[in-house]
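Residues per chain are reported as follows:
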Amino acid sequence: SQLPDVVIVHRNNKLLFVSDQMFDISGIPRYEYKNSTFLELLHPEDRNKVMDISKKRLSGEPVPEKYDVRIKCSEHECNTFEVRGTIIDFEGEKATLTVLTNITENKRIEEALRHKQEQYFDLVENAVDAIFHGDSAGNFIGANPRACDMTGYTKEELLTMNMEQLFTLDQINLKPLRYDLLK
């Protein structure tokens, strides 16, 4: 059965085993990996990080349980993988067993979400209208610059206040605040 992850065994940067999933994911033929080193698979900017972690792992120092690297899948494209590794005995000598999980799509989704969050933040921060964010008890938990301009309070001051503090008792009696709509 096929595992979704890529399994690599390497020693002294030499590839000893590469599972078929690597060829499927990368589109690079098996023969191109035959004489490659582990570091040659990596994006150049990730090589020092991986070398440092590998040296620490081999010397018994603590290393991250997992970390991300980019692996070249063509001359101009890389996929992002989550890396987990451990030391094993392979053919009578120490080697590193590395399991790579392709998280490229997750990273793309995270980046798209980050971009949308930035757009939302820009929209709120630059809005011509006052925008307040409150909890279910009517306490302010956010306000844009226009809200500060309109109320005369700083953002820090507003975040210590309740919505009722912006209205007179007559205004509240005439039109009660509906905190239930904030849930």
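Reading the values: rules and limits
- Residues numbered from 1 in each chain as written.
- Predicted model: local features only at pLDDT ≥ 70, side-chain atom pairs only at ≥ 80, totals over all residues.
- Heavy atoms only, no water.
- Salt bridge = Lys/Arg side-chain N within 4 Å of Asp/Glu carboxyl O.
- Helix = DSSP H or I, 4+ residues; strand = E, 2+ residues; numbered from the N terminus.
- Buried < 20%, exposed > 50% of the residue type's maximum accessible area, 1.4 Å probe, protein only.
- Pairing = 2+ DSSP bridges.
- Axes fitted to C-alpha atoms, helices over the stretch in contact; angles between N-to-C directions.
- Contact = heavy atoms within 4.5 Å.
- Polar contact = N/O pair within 3.5 Å; in protein donor to acceptor, adjacent residues only side chain to side chain.

## Topic: the pattern of salt bridges
No. 1: Under the counting rule described, the total for this entry stands at 10 salt bridges.
No. 2: The residue Lys56 makes a salt bridge to Asp52 at a minimum N-O spacing of 3.5 Å. Taken together, the positions of Lys56 and Asp52, both in helix H4 (residues 47-58) and four residues apart, correspond to about one turn of that helix.
No. 3: With a relative accessible area of 30%, Lys56 lands in the partly exposed category.
No. 4: Residue Asp52 is classed as partly exposed on the basis of its relative accessible area, which comes to 38%.
No. 5: When the shortest N-O distance is used, the salt bridge between Arg108 and Glu105 registers 3.6 Å. Separated by three residues within a single helix, Arg108 and Glu105 lie in helix H5 (residues 104-125), roughly one turn from each other.
No. 6: Taking relative accessible area as the criterion, Arg108 reaches 46% and is therefore assigned partly exposed.
No. 7: By relative accessible area, Glu105 is classed as partly exposed at 47%.

## Let's talk about the sheet that holds strand E5 (residues 93-102)
Sheet strands line up and pair through hydrogen bonds in the backbone, either parallel or antiparallel.
No. 1: Spatially, five strands are ordered E2-E1-E5-E4-E3 in an open sheet, and the strand pairing comes out antiparallel. On the outer flanks of this sheet lie strand E2 (14-18) and strand E3 (67-72), each paired with one strand and no other. Taken over all neighbouring pairs, the strand axes of this sheet differ in orientation by 40 degrees on average, direction set aside.
No. 2: Sheet topology note: the strand E1 (residues 6-11)/E2 ladder contains four bridges and is antiparallel. Directly across from Val9, in E2, lies its bridge partner Phe17.

## Brief notes about the environment of His10
No. 1: On the secondary structure map, His10 appears in strand E1.
No. 2: Since its relative accessible area comes to 6%, His10 is described here as buried.
No. 3: It is 47 Å that separates the C-alpha atoms of His10 and Asp122, two residues lying 112 residues apart in sequence.
No. 4: Apart from the residues within four sequence positions on either side, His10 is in contact with Leu15, Leu16, Phe38, Ala95, Thr96 and Thr98.
No. 5: Polar side-chain contacts of His10 include one of 3.0 Å to the side chain of Thr98.

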